[in-house]
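For reference, the chains in residue letters:
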Amino acid sequence: MLENDQAGRGDQIGRGYHVLVVDDDLITLRSVERILSVRGFTVTTETNGLRALSSLQTLSVDALLVDLVMPGISGIDLLKRIREMDDRMQVVMMTAFGDVDSAVTALKAGAHDFLNKPFESADALALAVYKAAEHFRLLSRARDLEKELEIHERYGDIVGSSAPMVEVYRMVESVAHSMATVLLQGESGTGKELVARAIHNRGPRARAPFIPVNCSAIPETLVEAELFGHVKGAFTGAVESRMGLFEAARGGTILLDEIGDLPLQTQVKLLRTLQDGEIKRVGSNETVRVDTRVIAASNIDLQDAMERGAFRRDLFYRLSVITISLPPLRQRPEDIPLIAYHFLKKYAARSGRSITRISLETMQALRAHSWPGNVRELENAMERAVVMAREETILPGDLPAQIADVRPSQPSAELMLDLPFAEAKKRAVEAFESAYVENMLKRAGGNVSEAARQAGLDRSNFRRIARKFGQ
Ligand SMILES: Nc1ncnc2c1ncn2[C@@H]1O[C@H](COP(=O)(O)OP(=O)(O)OP(=O)(O)O)[C@@H](O)[C@H]1O
Ligand SMILES: [Mg+2]
């Protein structure tokens, strides 16, 4: 339609498209910028390949217009780099020399189109860029569909396709149909409650209640009455009989979360219930049969607690027959992009915003973070990022500072070759120092004096280097 309209004189053929124009010749740059922006394109300009590559880390552009002959990185090299980074990117090459050979080379290297300078007409230029951008959008749409499929690499609400998570799914599958008590072990935020629900929902008890109980949140004096119920007059304030959570979850599942915080005397009663399938309300001698399935969860190492005497040995053995360990997020960084996109979609939809991408640099920061709060922390970070984002793409600045501030990672050797020698050397030395200091500190268990000794440096020198890298 627009083609018949001769690239839309006056009508805004480029509206909604963002173009990056790279040319070392400022006059061409200005004139192209004007031609494209009056036709509705959003235009960013850069004067060399290196700067273009670095701005691509944070911009999301729909097409690039690149000069073939430039000092530093040539147009062809830039083209190759860009397509290595993201093979959806479409580049229109331009050259003042108009030689057929370069045109062929450019097209072979994956250029979308080739234009001679001076341009045939302003409209022809705009049309070529428009077609490249449109092509990019089509490819992106297809990629989004693929991504959606990928997101289905999950298990109900649980996202993740790493080997340890697949093992978790396998365990859930095999215990869902039994009555066996299951112990879920894992750091805070690793998804213990999510997995407990999955076990419940996939088994024959799905229609009966699932009741999560946080054992650490109930005062010690009340925990028994909460779990097992009480009769009228059992204690001060017990003005009438009440059913406990075990009974309320009859036929279903009770999740005893943070079971490590259960008082020792309640542990005895729980053990009895697990063995006999019966409870006694507080203040009563009558036993009541309950067929409530028990799932226990703990973010402290129960074996440890047992050895310290804070957790009963007999109860531990009874609970830990089937243990599912949820891996911390830092041990499965390959799940981070999947989970990040999952939450991006969730929170963007909830706030009605069309934020669909996570920039390369942001993803690097997400992958480099150690996630002490695990998936919950990642979820919070993405929720916040959706609120902070000003564009369609999540940028590092949208993340909480402690996540965005990754130490500069080791620049790839290839990229360093384009830097002036002094700069390249400085970066290589920094990369070495950072890796060395980190490794020494790790070996010395975080003890600076010991690390310095092993490195053969005096302590203050070692500290100075370590500080540079936030150690
Ligand atoms: N693999 C996952 N995929 C999607 N969401 C997840 C995943 N793991 C955890 N979550 C989400 O992260 C949050 C924390 O999960 P959950 O409450 O199950 O953790 P937890 O292990 O019980 O933590 P805590 O020990 O602090 O209680 C929830 O919002 C949950 O939906
Ligand atoms: Mg929990």
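As for the environment of P328
Looking at where P328 falls in the secondary structure, it is placed in the loop between strand 16 (322-325) and helix 13 (336-351). What makes P328 buried here is its relative accessible area of 10%. Setting aside residues up to four positions removed in sequence, P328 forms contacts with E187, T190 and N374.

Remarks on the packing of helix 18 (residues 421-443) against helix 20 (residues 459-468)
Packed helices, taken two at a time, are described by the angle between their axes plus the distance between the axes. The geometry of helix 18 relative to helix 20 is characterised by a closest axis approach of 9 Å and an angle of 115 degrees between their N-to-C directions. By the angle between their axes, helix 18 is roughly perpendicular relative to helix 20. Our pair here, helix 18 against helix 20, has a crossing hand that is left-handed. Note on element contacts: helix 20 touches helix 18 through F462, I465, A466 and K468, opposite E433, V437, M440 and L441. Class assignment of the residues belonging to the contact of helix 18 with helix 20 gives a composition of 6 nonpolar, no polar and 2 charged.

Some details on the confidence of the model for the chain
When pLDDT drops low, the exact placement of atoms in the prediction is not to be read closely. On average, residues of the chain carry a pLDDT of 88, and 92% of them reach 70 or more. Confidence drops under a pLDDT of 50 for residues 1-9, and excluding neighbours within four residues, the segment shows 13 contacts in the predicted structure.

Here we look at the site of ligand 1
Inspection of the region around ligand 1 gives 16 residues, with S188, G189, K192, R376 and E379 positioned closest. Within the side chain of S188, a nitrogen or oxygen atom sits 2.5 Å from an oxygen atom of ligand 1. In the model, an oxygen atom of ligand 1 is placed 3.3 Å from a nitrogen or oxygen of the N299 side chain. Within the complex, the protein chains bury 85% of what would otherwise be the 630 Å² of accessible surface of ligand 1. Contributions of two or more residues to the shell around ligand 1 are made by strand 7 (158-159), helix 7 (192-202) and helix 15 (374-388). Residue classes in the shell around ligand 1 are distributed as 5 nonpolar, 5 polar and 6 charged.

Here we look at the packing of aromatic side chains
For the structure shown, the criterion picks out 6 aromatic pairs. Ring centres of F316 and Y317 lie 5.5 Å apart, and the angle between their planes is 65 degrees; this geometry places the pair in the edge-to-face category. Y317 sits in the partly exposed class, given a relative accessible area of 46%. Their ring planes at 35 degrees and their centres at 6.4 Å tell us that F343 and Y347 sit as a pair that is tilted. One end of the pair is F343 and the other is Y347, both in helix 13 and 4 residues apart, which spans about a single turn.

Thoughts on the sheet that holds strand 15 (residues 293-298)
Taking strand neighbours across the sheet as the criterion, the 5 strands line up as 9-12-15-8-16 in an open arrangement whose pairing is parallel. Looking along the sheet, the strands with just one partner apiece sit at the ends: strand 9 (210-214) and strand 16. In this sheet, neighbouring strand axes are inclined to one another by 20 degrees on average, regardless of whether the strands run parallel or antiparallel. Sheet topology places strand 12 (residues 253-257) next to strand 15; 4 bridges connect them, and they run parallel. Paired with L256 across the strands is A296, a residue of strand 15. Of the strands in this sheet, strand 8 (182-185), strand 15 and strand 16 are in contact with helix 6 (residues 163-176), which crosses strand 16 at around 150 degrees.

Re the pattern of salt bridges
Going through the model one piece at a time under the given rule, you end up with 19 salt bridges. A salt bridge links R39 to D123, with the shortest nitrogen-to-oxygen separation between them at 2.8 Å. Highlighted residues: R39 in the loop between helix 1 (26-38) and strand 2 (42-46) and D123 in helix 5 (residues 122-151), separated in sequence by 84 residues. Under the relative-accessibility criterion, R39 is labelled buried at 13%. Between E173 and R202 there is a salt bridge, and its shortest N-O distance comes to 3.8 Å. Residue E173 is found in helix 6, and its partner R202 is found in helix 7; the two are separated by 29 residues along the sequence. For E173, a relative accessible area of 42% translates into the label partly exposed. Classification of R202 by relative accessible area gives partly exposed; the value is 34%. Each member of the salt-bridge network shares a partner with another, and the members are D23, D67 and K117.

About the cut-offs
Residues numbered from 1 in each chain as written. Chains lettered and ligands numbered in written order. Predicted model: local features only at pLDDT ≥ 70, side-chain atom pairs only at ≥ 80, totals over all residues. Heavy atoms only, no water. Helix = DSSP H or I, 4+ residues; strand = E, 2+ residues; numbered from the N terminus. Buried < 20%, exposed > 50% of the residue type's maximum accessible area, 1.4 Å probe, protein only. Contact = heavy atoms within 4.5 Å. Axes fitted to C-alpha atoms, helices over the stretch in contact; angles between N-to-C directions. Parallel < 35°, antiparallel > 145°, perpendicular 65-115°, else oblique. Left-handed = near helix turned anticlockwise from the far one by under 90°. Nonpolar A, V, L, I, M, F, W, Y, C, P; charged D, E, K, R; others polar. pLDDT = per-residue confidence, 0-100. Near = heavy atom within 4 Å. Polar contact = N/O pair within 3.5 Å; in protein donor to acceptor, adjacent residues only side chain to side chain. Areas by Shrake-Rupley, 256 points an atom, 1.4 Å probe, with all protein chains shown as cover. Phe/Tyr/Trp six-rings, centres within 6.5 Å; stacked < 30°, edge-to-face > 60°. Pairing = 2+ DSSP bridges. Salt bridge = Lys/Arg side-chain N within 4 Å of Asp/Glu carboxyl O.

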